[in-house]
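Structural features, examined
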Amino acid sequence: MAAAKKPEDVVNVDVYTAKGLLCTGHRYLDVRTVEEFNKSHVDEALNIPYMFLTPEGRVPNPDFISQVSSICKKDDQLIVGCNSGGRGSRACVDLLNAGFEHISNMEGGYSKWVDSGLAGGKPGEELKVACKFRP
(Lines give C-alpha, C1' and ligand atoms only; values in the text may rest on other atoms or scores of the structure.)
Protein backbone atom coordinates (compact mmCIF):
# COMPACT_ATOMS: atom_id res chain seq x y z
CA MET A 1 0.00 0.00 0.00
CA ALA A 2 1.31 3.45 -0.91
CA ALA A 3 2.23 5.88 1.83
CA ALA A 4 -0.39 8.46 2.69
CA LYS A 5 0.00 11.70 0.75
CA LYS A 6 0.87 14.91 2.61
CA PRO A 7 0.66 18.61 1.69
CA GLU A 8 4.24 18.53 0.38
CA ASP A 9 3.14 15.89 -2.16
CA VAL A 10 0.69 18.30 -3.80
CA VAL A 11 1.70 19.88 -7.11
CA ASN A 12 1.07 23.63 -6.92
CA VAL A 13 0.61 25.75 -10.05
CA ASP A 14 0.31 29.52 -10.39
CA VAL A 15 -2.82 31.06 -11.89
CA TYR A 16 -1.26 31.59 -15.32
CA THR A 17 -0.17 27.95 -15.54
CA ALA A 18 -3.66 26.92 -14.34
CA LYS A 19 -5.26 29.02 -17.08
CA GLY A 20 -3.04 27.38 -19.68
CA LEU A 21 -3.84 23.90 -18.39
CA LEU A 22 -7.56 24.66 -18.49
CA CYS A 23 -7.17 25.53 -22.18
CA THR A 24 -5.64 22.10 -22.81
CA GLY A 25 -8.40 20.00 -21.28
CA HIS A 26 -7.86 20.12 -17.53
CA ARG A 27 -11.01 20.61 -15.44
CA TYR A 28 -11.34 23.19 -12.66
CA LEU A 29 -12.71 21.93 -9.35
CA ASP A 30 -13.76 24.83 -7.13
CA VAL A 31 -13.90 23.64 -3.51
CA ARG A 32 -15.28 26.87 -2.03
CA THR A 33 -18.73 27.00 -0.48
CA VAL A 34 -21.74 27.26 -2.79
CA GLU A 35 -22.23 30.84 -1.57
CA GLU A 36 -18.68 31.81 -2.54
CA PHE A 37 -18.96 30.00 -5.88
CA ASN A 38 -22.27 31.68 -6.76
CA LYS A 39 -20.74 35.14 -6.32
CA SER A 40 -18.13 34.49 -9.02
CA HIS A 41 -16.01 31.62 -10.33
CA VAL A 42 -13.72 30.40 -13.08
CA ASP A 43 -15.66 29.70 -16.30
CA GLU A 44 -16.93 26.12 -16.58
CA ALA A 45 -15.81 25.28 -13.03
CA LEU A 46 -17.25 22.35 -11.12
CA ASN A 47 -18.26 23.21 -7.55
CA ILE A 48 -18.00 20.67 -4.76
CA PRO A 49 -17.45 22.31 -1.38
CA TYR A 50 -14.62 20.89 0.68
CA MET A 51 -16.12 22.49 3.79
CA PHE A 52 -19.50 23.85 4.81
CA LEU A 53 -20.20 26.97 6.80
CA THR A 54 -22.20 26.25 9.96
CA PRO A 55 -23.05 28.33 13.05
CA GLU A 56 -20.07 26.59 14.72
CA GLY A 57 -17.72 27.57 11.86
CA ARG A 58 -16.45 25.61 8.88
CA VAL A 59 -16.81 21.84 8.99
CA PRO A 60 -15.53 19.27 6.47
CA ASN A 61 -17.90 17.97 3.82
CA PRO A 62 -18.13 14.26 4.76
CA ASP A 63 -19.21 13.38 1.20
CA PHE A 64 -16.50 15.36 -0.62
CA ILE A 65 -14.65 12.37 -2.13
CA SER A 66 -17.82 10.53 -3.16
CA GLN A 67 -19.25 13.70 -4.72
CA VAL A 68 -16.06 14.31 -6.72
CA SER A 69 -15.98 10.62 -7.72
CA SER A 70 -19.54 10.90 -9.04
CA ILE A 71 -18.54 13.49 -11.67
CA CYS A 72 -14.78 12.95 -12.17
CA LYS A 73 -12.71 9.91 -13.02
CA LYS A 74 -9.58 9.12 -11.03
CA ASP A 75 -7.43 9.79 -14.10
CA ASP A 76 -9.05 13.16 -14.95
CA GLN A 77 -6.65 16.10 -14.90
CA LEU A 78 -7.98 18.46 -12.22
CA ILE A 79 -6.95 21.94 -11.12
CA VAL A 80 -8.28 22.44 -7.58
CA GLY A 81 -8.98 25.94 -6.32
CA CYS A 82 -10.51 27.62 -3.31
CA ASN A 83 -10.36 31.25 -2.17
CA SER A 84 -6.69 31.56 -1.25
CA GLY A 85 -5.15 28.08 -1.48
CA GLY A 86 -5.61 26.48 1.95
CA ARG A 87 -8.77 24.46 1.41
CA GLY A 88 -7.58 23.62 -2.09
CA SER A 89 -4.34 22.16 -0.78
CA ARG A 90 -6.15 20.06 1.83
CA ALA A 91 -8.67 18.90 -0.78
CA CYS A 92 -5.78 17.87 -3.06
CA VAL A 93 -4.26 15.72 -0.30
CA ASP A 94 -7.60 13.97 0.24
CA LEU A 95 -8.09 13.45 -3.50
CA LEU A 96 -4.58 12.01 -3.91
CA ASN A 97 -5.18 9.68 -0.97
CA ALA A 98 -8.45 8.58 -2.59
CA GLY A 99 -6.55 7.52 -5.71
CA PHE A 100 -6.97 10.54 -7.99
CA GLU A 101 -3.84 10.70 -10.12
CA HIS A 102 -3.54 14.13 -11.77
CA ILE A 103 -4.34 16.77 -9.18
CA SER A 104 -2.86 20.28 -8.96
CA ASN A 105 -3.61 23.05 -6.47
CA MET A 106 -3.96 26.59 -7.86
CA GLU A 107 -1.74 28.70 -5.60
CA GLY A 108 -3.48 31.77 -4.25
CA GLY A 109 -6.90 30.43 -5.20
CA TYR A 110 -9.65 32.47 -6.81
CA SER A 111 -8.43 35.63 -5.05
CA LYS A 112 -5.15 35.41 -6.98
CA TRP A 113 -7.08 34.63 -10.19
CA VAL A 114 -9.03 37.88 -9.74
CA ASP A 115 -5.96 39.89 -8.65
CA SER A 116 -4.15 38.69 -11.79
CA GLY A 117 -6.90 40.01 -14.07
CA LEU A 118 -8.04 36.59 -15.26
CA ALA A 119 -11.71 37.06 -14.35
CA GLY A 120 -12.49 38.55 -17.77
CA GLY A 121 -14.21 41.87 -18.21
CA LYS A 122 -15.85 41.77 -14.79
CA PRO A 123 -15.03 44.67 -12.43
CA GLY A 124 -12.03 43.51 -10.36
CA GLU A 125 -12.82 45.32 -7.12
CA GLU A 126 -16.37 43.94 -7.12
CA LEU A 127 -15.05 40.40 -7.57
CA LYS A 128 -12.34 40.82 -4.96
CA VAL A 129 -15.01 41.59 -2.38
CA ALA A 130 -17.12 38.70 -3.62
CA CYS A 131 -14.33 36.15 -3.78
CA LYS A 132 -12.96 37.14 -0.40
CA PHE A 133 -16.27 36.34 1.26
CA ARG A 134 -15.82 35.87 4.94
CA PRO A 135 -18.78 35.16 7.23
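The helix and strand tally for the protein stands at six helices and seven strands. For the protein, the N- to C-terminal ordering of α and β elements is β-α-β-α-β-β-β-α-β-α-β-α-α. Put simply, of all contacts in the protein between residues at least 6 apart along the chain, 62% involve residues at least 24 apart. Summed over all atoms, the accessible surface of the protein reaches about 7100 Å², with 53% contributed by carbon and sulfur.

Take the packing of helix α3 (residues 64-71) against helix α4 (residues 86-97) next. Contact geometry of α3 with α4 gives a least axis separation of 11 Å together with a crossing angle of 70°. In terms of their interaxial angle, α3 and α4 are classed as roughly perpendicular. Contacts from F64, I65 and V68 of α3 reach α4 at A91, D94 and L95. By residue class, the composition of the contact of α3 with α4 is five nonpolar, no polar and one charged.

This part is about the packing of aromatic side chains. The full count for this structure, using the stated rule, is one aromatic pair. Taking the centre distance of 5.1 Å and the plane angle of 90° together, the rings of Y50 and F64 count as edge-to-face. With Y50 in the loop between β3 (46-47) and β4 (51-54) and F64 in helix α3, this residue pair connects regions lying 14 residues apart in the sequence. Each member of the pair, Y50 together with F64, is buried.

Counting across every chain of the model gives five salt bridges. The partner of R58 in a salt bridge is E36, with the nearest N and O atoms 3.8 Å apart. Separated by 22 residues along the polypeptide, R58 in strand β5 (residues 57-60) and E36 in helix α2 (residues 34-39) bring together distant segments of the chain. Three or more residues joined by partner-sharing salt bridges are found here, namely E36, R58 and R87.

Before going further, it helps to spend a moment on the pairing of strand β6 (residues 77-81). Of all five residues that make up β6, four are buried, and the element is covered over most of its length. The parallel pair β6 and strand β7 (residues 102-106) is bridged by α4, and the resulting crossover is right-handed.

Another point: the pairing of strand β2 (residues 27-30). Strand direction decides the pairing type here: β2 and β6, joined by four bridges, are parallel. For R27, the partnering residue across the bridge sits in β6 and is L78. Alignment of β2 against β3, held across two bridges, turns out to be parallel. Bridge assignment links D30 to a residue of β3, and that residue is N47. As a crossover connection, the stretch from β2 through α2 into β3 is right-handed.

Cut-offs and rules
- Residues numbered from 1 in each chain as written.
- Predicted model: local features only at pLDDT ≥ 70, side-chain atom pairs only at ≥ 80, totals over all residues.
- Heavy atoms only, no water.
- Helix = DSSP H or I, 4+ residues; strand = E, 2+ residues; numbered from the N terminus.
- Contact = heavy atoms within 4.5 Å.
- Areas by Shrake-Rupley, 256 points an atom, 1.4 Å probe, with all protein chains shown as cover.
- Axes fitted to C-alpha atoms, helices over the stretch in contact; angles between N-to-C directions.
- Parallel < 35°, antiparallel > 145°, perpendicular 65-115°, else oblique.
- Nonpolar A, V, L, I, M, F, W, Y, C, P; charged D, E, K, R; others polar.
- Phe/Tyr/Trp six-rings, centres within 6.5 Å; stacked < 30°, edge-to-face > 60°.
- Buried < 20%, exposed > 50% of the residue type's maximum accessible area, 1.4 Å probe, protein only.
- Salt bridge = Lys/Arg side-chain N within 4 Å of Asp/Glu carboxyl O.
- Right-handed = clockwise from strand over helix to strand, strands pointing away.
- Pairing = 2+ DSSP bridges.

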